[in-house]
Structure formats: structure tokens, C-alpha cells
Protein chains: 2
Amino acid sequence: MTTEQQTHVPTQALRIVLVDDHAIVRHGLRSILERESDLEVVGEASTAAEAAAVVERTRPSIVLLDLKLSTAADTEGLDLCARLTQRHPDLAVLVLTTFLDDSLVVEAIQHGARGYVVKDVDTTELLRSIRAVARNESAFDSHAAAAMVRSMRVQPLRPKFTERELNVLQMLAHGLSNREIGGELYISETTVKFHVRNIMRKMDASSRAEVVYEASKLGVI
Amino acid sequence: MTTEQQTHVPTQALRIVLVDDHAIVRHGLRSILERESDLEVVGEASTAAEAAAVVERTRPSIVLLDLKLSTAADTEGLDLCARLTQRHPDLAVLVLTTFLDDSLVVEAIQHGARGYVVKDVDTTELLRSIRAVARNESAFDSHAAAAMVRSMRVQPLRPKFTERELNVLQMLAHGLSNREIGGELYISETTVKFHVRNIMRKMDASSRAEVVYEASKLGVI
DNA sequence: ACGGCACCTGTCCGATCGGACAGGGGGCGC
DNA sequence: GCGCCCCCTGTCCGATCGGACAGGTGCCGT
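Residues numbered from 1 in each chain as written. Chains lettered and ligands numbered in written order. Predicted model: local features only at pLDDT ≥ 70, side-chain atom pairs only at ≥ 80, totals over all residues. Heavy atoms only, no water.

Asks: Could you clarify how one ought to interpret the protein's contact with DNA strand D in this entry?
Replies: Taken together, 17 residues form the shell around DNA strand D, and within it Arg179 of chain A together with Thr162, Ser188, Thr190 and His195 of chain B come nearest. Counting only atoms of DNA strand D within 4 Å of the protein, the fraction found in sugar and phosphate groups is 67%. Between DNA strand D and Asn178 of chain A, the relevant distance is 3.4 Å, taken from a phosphate oxygen to a side-chain nitrogen or oxygen of the residue. A distance of 2.7 Å separates a base oxygen of DNA strand D from a polar side-chain atom of Lys193 of chain A. Those elements that provide at least two residues to the surface near DNA strand D are helix H8 (178–185) and helix H9 (189–203) of chain A together with helix H7 (163–173) and helix H9 (189–203) of chain B. In terms of residue count, the dominant contributor to the surface near DNA strand D is H9 of chain B (4 residues). (Near = heavy atom within 4 Å. Polar contact = N/O pair within 3.5 Å; in protein donor to acceptor, adjacent residues only side chain to side chain. Helix = DSSP H or I, 4+ residues; strand = E, 2+ residues; numbered from the N terminus.)

Asks: Please explain the interface of chain B and chain A as it appears in this structure.
Replies: Accessible area lost when the parts come together is the quantity often used to give the size of an interface. In this complex, chain B contributes 29 residues to the contact, which on the side of chain A involves 31 residues. By the criterion of area lost to chain A, the three top residues of chain B are His22, Ile24 and Tyr213 of chain B, representing 24% of everything that side buries. Applying the counting criterion to the chain B and chain A interface returns 0 salt bridges. The interface formed by chain B and chain A contains 2 residue pairs in polar contact (both at pLDDT 80 or more). If you list the elements that add at least two residues to the side of chain B that touches chain A, you get helix H1 (23–33), helix H5 (123–134) and helix H10 (208–217) of chain B. Ranked by residue count, the leading element in the side of chain B that touches chain A is H1 of chain B, at 8 residues. Of the residues belonging to the side of chain B that touches chain A, the class tally is 12 nonpolar, 10 polar and 7 charged. (Contact = heavy atoms within 4.5 Å. Buried area = accessible area lost by both parts, 1.4 Å probe. Salt bridge = Lys/Arg side-chain N within 4 Å of Asp/Glu carboxyl O. Nonpolar A, V, L, I, M, F, W, Y, C, P; charged D, E, K, R; others polar.)

Asks: What is the right way to look at helix H5 (residues 123–134) of chain A in this model?
Replies: Helical geometry: 3.6 residues make up each α-helical turn, so side chains three or four residues apart lie on a common side. All names here are of chain A. Its 12 residues place the ends of H5 17 Å apart at the C-alpha level, agreeing with the 16 Å of an ideal helix rising 1.5 Å per residue. Buried residues of H5: Leu126, Leu127, Ser129, Ile130, Arg131, Ala132 and Val133, and no others. Backbone geometry just after H5 places Asn136 at a positive phi near 70°. (Expected span 1.5 Å × (residues − 1). Buried < 20%, exposed > 50% of the residue type's maximum accessible area, 1.4 Å probe, protein only.)

Asks: Could you clarify how one ought to interpret the protein's contact with DNA strand C in this entry?
Replies: By nearness alone, 17 residues border DNA strand C, and Thr162, Ser188, Thr190 and His195 of chain A together with Lys193 of chain B come closest of all. At 3.3 Å from a phosphate oxygen of DNA strand C is found a side-chain nitrogen or oxygen belonging to Asn178 of chain B. For the surface near DNA strand C, the secondary-structure elements that each account for two or more residues are helix H7 (163–173) and H9 of chain A together with helix H8 (178–185) and H9 of chain B. A per-class count over the surface near DNA strand C returns 3 nonpolar, 8 polar and 6 charged.

Asks: Explain the packing of H7 of chain A against H9 of chain A to me, please; I cannot follow it from the model alone.
Replies: Residue and element names in this part refer to chain A. Remark: H7 packs on H9, axes separated minimally by 10 Å, with the N-to-C direction vectors making an angle of 90°. Here H7 lies roughly perpendicular to H9, going by the angle between them. Judged by residue contacts, Arg164, Glu165, Val168, Leu169 and Leu172 of H7 engage His195, Val196, Asn198, Ile199, Lys202 and Met203 from H9. Across the contact of H7 with H9, the residue classes break down as 6 nonpolar, 2 polar and 3 charged. (Axes fitted to C-alpha atoms, helices over the stretch in contact; angles between N-to-C directions. Parallel < 35°, antiparallel > 145°, perpendicular 65-115°, else oblique.)

Asks: Quick question: what am I supposed to make of the sheet that holds strand E5 (residues 115–118) of chain B here?
Replies: The strands making up a sheet associate through hydrogen bonds between their backbones, and the pairing can be parallel or antiparallel. Residues and elements named next belong to chain B. The strand order across the open sheet formed by 6 strands is E2-E1-E3-E4-E5-E6, and the pairing between neighbours is parallel. A single partner strand is all that each edge strand has here, and the edge strands are strand E2 (39–45) and strand E6 (139–140). Where H1 meets the sheet, its contacts fall on strand E1 (14–19), E2, strand E3 (62–65) and strand E4 (92–97), and the angle it forms with E2 comes to roughly 165°. Its contacts with the sheet place H5 against E1, E2, E3, E4, E5 and E6, and it is angled at close to 155° to E4. (Pairing = 2+ DSSP bridges.)

Asks: What is the right way to read the pairing of E3 of chain B from this model?
Replies: Strand residues, when the strand is regular, have side chains that alternate between the two faces of the sheet. Residue and element names in this part refer to chain B. Judged by which residues are buried, E3 turns out to be covered on both faces: Ile62 and Leu64 on one side and Val63 and Leu65 on the other are all buried. Bridge analysis of E1 against E3 gives 4 bridges, and the strand direction is parallel. Counted as the bridge partner of Leu18 is Leu64 from E3. Of the strand pairs in this sheet, E3 and E4 are connected by 4 bridges, and their pairing is parallel.

Asks: For this particular structure, what's the right way to read the pattern of salt bridges?
Replies: Close approach of charged atoms lets side chains of opposite charge pair. Residues and elements named next belong to chain A. Taken as a whole, this structure holds 26 salt bridges over all chains when the rule is applied. Here Glu44 ties to Arg26 by a salt bridge, and the two come within 2.8 Å at their closest N and O atoms. Placement of Glu44 in strand E2 (residues 39–45) and of Arg26 in helix H1 (residues 23–33) is noted, with a sequence separation of 18 residues between them. Take Arg26: its relative accessible area is 14%, and that puts it in the buried class. As a salt-bridge pair, Glu165 and Lys202 come within 2.7 Å of each other at their nearest N and O atoms. You can see Glu165 sitting in helix H7 and its partner Lys202 sitting in helix H9, a full 37 residues away along the chain. Judged by its relative accessible area of 4%, Glu165 falls in the buried class. Residues participating in the shared-partner salt-bridge network are Arg26, Arg30, Glu34 and Glu44.

Structure representation (C-alpha cells):
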């Protein structure tokens with residue numbers, strides 16, 4: 001909104017560290033940011049460990065963080081985010097990631113991120129977001145904001161299953177019949193039906209096929 | 001293997017067009033490529049339509065293509081790939097995408113791509129791949145190559161469905177019953193069963209739940 | 001000791017599904 | 001025209017599923 005109010009050069013350039021496992025992306029970001037007189041890229045990192053070290057050394061005011069470090073889980077990026085913001089409460093972490101994942105937006109915030117933008121925002125929007133988080137504000141692009149709203153509302157997400165139900169759900173999701181599941185778990189077909197009915201009730205589904213569909217949405221498969 | 005044999009400067013710089021919906025990525029690529037004396041970025045595009053026009057105008061020898069254009073399906077990028085390679089048989093399309101999707105590797109090749117690398121390869125590997133496809137060779141990073149091997153073996157991958165079967169498969173995958181599907185498509189329940197049986201036969205599945213499972217693996221959902 | 005919970009089992013029944021018949025219609029290539 | 005394929009429809013039947021009964025066991029916390 002008031003992006004143009006700071007026409008004066010700030011006391012000092014904003015010191016930025018880039019964390020992304022893609023060298024290409026780091027290059028692109030650097031070339032964009034270094035055109036701005038009030039921004040300065042003081043470090044890069046491609047892994048969580050490296051990032052922690054670089055931040056420790058360069059003491060930036062902003063970290064641009066891609067949560068999808070390595071091919072592994074998002075946990076690594078989220079953990080890094082939490083560690084950085086705990087050790088440096090003034091540090092502004094702006095998550096800059098490729099795809100929009102509703103649950104990831106929420107988790108990022110819970111882990112201390114101050115903003116979340118996807119990489120296909122245009123350049124000016126990115127710069128605006130950077131300056132916003134530097135001012136202790138928050139920054140979300142429209143998609144991420146929408147994801148937040150979605151995540152806020154609905155949630156009885158993943159309605160708590162018992163141990164046994166999770167077993168059954170797994171096999172159910174793989175297309176096994178009640179009889180087959182019973183064979184695998186050494187329980188009677190009747191018992192399987194008992195669990196399946198409870199799963200369907202909790203998922204508000206009305207057929208095993210729908211259960212498989214919901215399971216695939218929830219990433220159970 | 002023989003990457004160093006062309007120490008002489010080629011007759012002319014390789015003309016390259018970048019196609020990626022992320023401005024950041026285009027920037028990064030451009031800054032990397034323009035450091036090389038034998039490479040020249042002659043155009044950029046962020047959409048399929050734009051890409052077709054830019055290629056028509058600039059006549060590059062290489063297109064670096066991100067298949068995931070927009071948030072939509074991969075179809076757009078694949079279609080573009082097919083169109084480009086059909087109209088310009090000498091054009092080398094190198095797919096440069098973020099994530100590795102086994103089936104996408106195969107489809108990219110079937111749609112005329114000459115190489116497939118994921119964005120987290122290092123810079124030298126990317127340059128090597130670009131020069132390889134320019135020489136009419138192929139280029140796959142190790143992950144993509146592994147994906148190809150995987151895809152080669154087992155596969156009667158995605159066994160060719162008819163139009164109608166794809167409709168039914170969609171709804172099947174969302175957990176609808178035969179009756180409901182019939183209602184949606186304005187056909188009788190019997191006909192739905194006819195299609196469902198054909199789908200199950202083609203997928204080698206023995207229940208609709210298994211179909212949903214397979215569909216989720218194939219990314220139909 | 002008692003209630004609560006997760007887990008297990010059975011019977012009975014109507015609805016749905018999976019599969020095998022046996023057809024008819026339209027489009028397309030040879 | 002003829003064959004081929006896709007699409008549509010019906011009937012009949014056994015298997016499975018979805019759901020409603022009515023139970024029994026063992027663990028845990030109060």
C-alpha cells in the first residue's frame with residue numbers, strides 16, 4: 001500500500017541471506033536484489049546446516065528461505081526456520097517456495113516465518129514483501145493468503161484414527177478387500193468391516209472408494 | 001564423455017529461448033548462460049502461447065522449457081513441447097523442471113523433448129546438457145535417467161483410455177458410485193459398469209478401490 | 001472396583017459391485 | 001460395403017460391501 005513512502009535511503013542497506021538448494025534460483029534472486037540500492041545480499045546457502053552457519057556469521061536482517069531443501073521432507077526447512085527465529089528473534093524469515101501447500105503455509109508461520117510467497121510472484125511483489133518483513137510486518141502473496149484462510153476454517157483435518165484404524169486405512173487405501181485386510185492383520189473379516197465403518201464415519205465418506213480418495217488427498221497413500 | 005573436444009569457438013553462438021513462468025528462474029538462467037561466450041539468450045516466455053510466438057520470431061536452436069507452466073496441468077507444457085518440435089524438427093527442447101516425475105520424463109520424451117534435467121543440478125552440468133542437446137545428442141541428469149530406467153521396465157504405463165473412460169475414471173477416483181457417475185454423465189448405470197469394467201481390465205485392478213489407488217499413483221486425482 | 005476405550009467377533013439383510021451373457025448405434029478407414 | 005472401435009443398454013447372478021443388531025475381551029485411569 002505505502003510502498004513508496006520510503007524514498008529516502010534507509011539508515012543502512014537490508015542485509016539478506018538466500019537459502020535455496022537451487023543455484024539457479026539463488027543466482028536469479030541475487031541479480032534481482034542487487035539492483036536495489038537498499039538491499040544487499042550478504043550470503044547464500046544451499047543446505048540447512050550451511051544456512052545456520054552463514055546466518056551466524058553474517059547476521060542478516062532477512063533470510064529468504066526455500067522450505068524444500070534437498071529432495072527430502074519439508075521438515076528440514078521448517079526446523080531451520082524455527083531454529084533461526086528462536087536464536088535471532090529480530091530476524092525476518094520470508095519463505096519463498098515453489099509450490100503452494102496449504103498446510104505448509106500454516107506450519108511455516110508456526111515455525112516463525114514472517115511471510116510466505118511463491119516463486120511465481122512478479123519482481124516488484126517480491127521486493128515489496130522483503131521490505132515489509134524487514135519492517136516487522138507480514139507478507140503473503142494472494143495465493144498464500146488464500147491458503148491461510150482455507151487452513152483456518154475447515155479443520156477437523158485428519159480426524160484422529162486409532163492404531164488399528166490406521167493399519168486398516170493403509171490397506172484400504174491400497175485397494176485391498178475386507179477379506180484380504182483381515183488376512184494381513186490376522187483378524188476376521190467382520191472386524192475389518194467394523195474398522196472400515198469407523199473410518200468411513202470419521203472421514204464422512206460413504207464408500208471405501210471415497211475413503212481411498214480422501215486418503216490420497218491426505219497423503220496417506 | 002567428450003565434453004572438452006570443442007575447445008574452439010563454434011561457428012556461432014547457440015541461440016536460446018527460456019520458457020518458465022517464474023521470472024526469478026528466468027533471471028537466474030539468463031545470468032548463468034550469458035557468462036558463456038558460446039551461448040546467447042534471445043528470448044523469454046512465461047506462457048505456452050507466448051513461447052510459441054517467441055520461438056517463431058527468434059528461431060532459436062534451443063528451448064529451455066519448464067513443463068509446469070502456470071498452476072494448471074502438465075498438459076500445457078507437454079503440448080507446447082510437441083508443437084515446437086513438430087514445427088521445428090531441428091529445435092532442441094531441453095526440459096528443465098523443478099521436480100522429478102517419472103511419468104513426466106517419459107511423456108516429455110514422447111512429446112519431443114531431447115533432454116530432461118531438474119533444476120537442482122549444478123551449473124556446469126546444466127551447461128553440459130545444453131551443449132549436448134545442441135549437438136543433437138540427449139541429456140539427462142542422473143535422477144532423470146534413473147526415472148527413465150524405472151519407467152522403461154515395468155510399464156504398460158497408463159494403458160490408453162478412451163475419452164469416456166477418462167471421464168468415468170475421474171469420477172471413480174473421486175469415490176462416486178456407479179449410479180452417481182451415470183447421473184453426472186447422463187448415461188445408465190449399466191453403461192457406467194461397462195466402462196468401469198474396461199478401466200479395471202486395463203489397469204489390472206480387481207476393485208474400484210484399487211482403481212482409485214492406481215489413479216492416485218498415476219496422478220489422475 | 002468401576003467405567004471407558006480400543007479392539008475383537010458374530011448374525012442378518014439390503015444395496016452395490018464385479019462379471020458374463022447378449023445385444024444396437026455411429027464413425028472411420030480400406 | 002465391411003470390419004473395427006467406441007459408445008450405449010439391458011438381464012441375470014454371485015460376491016462384496018455398508019450398516020444395524022448384539023455381544024466379549026483386556027488395558028488404563030480414577
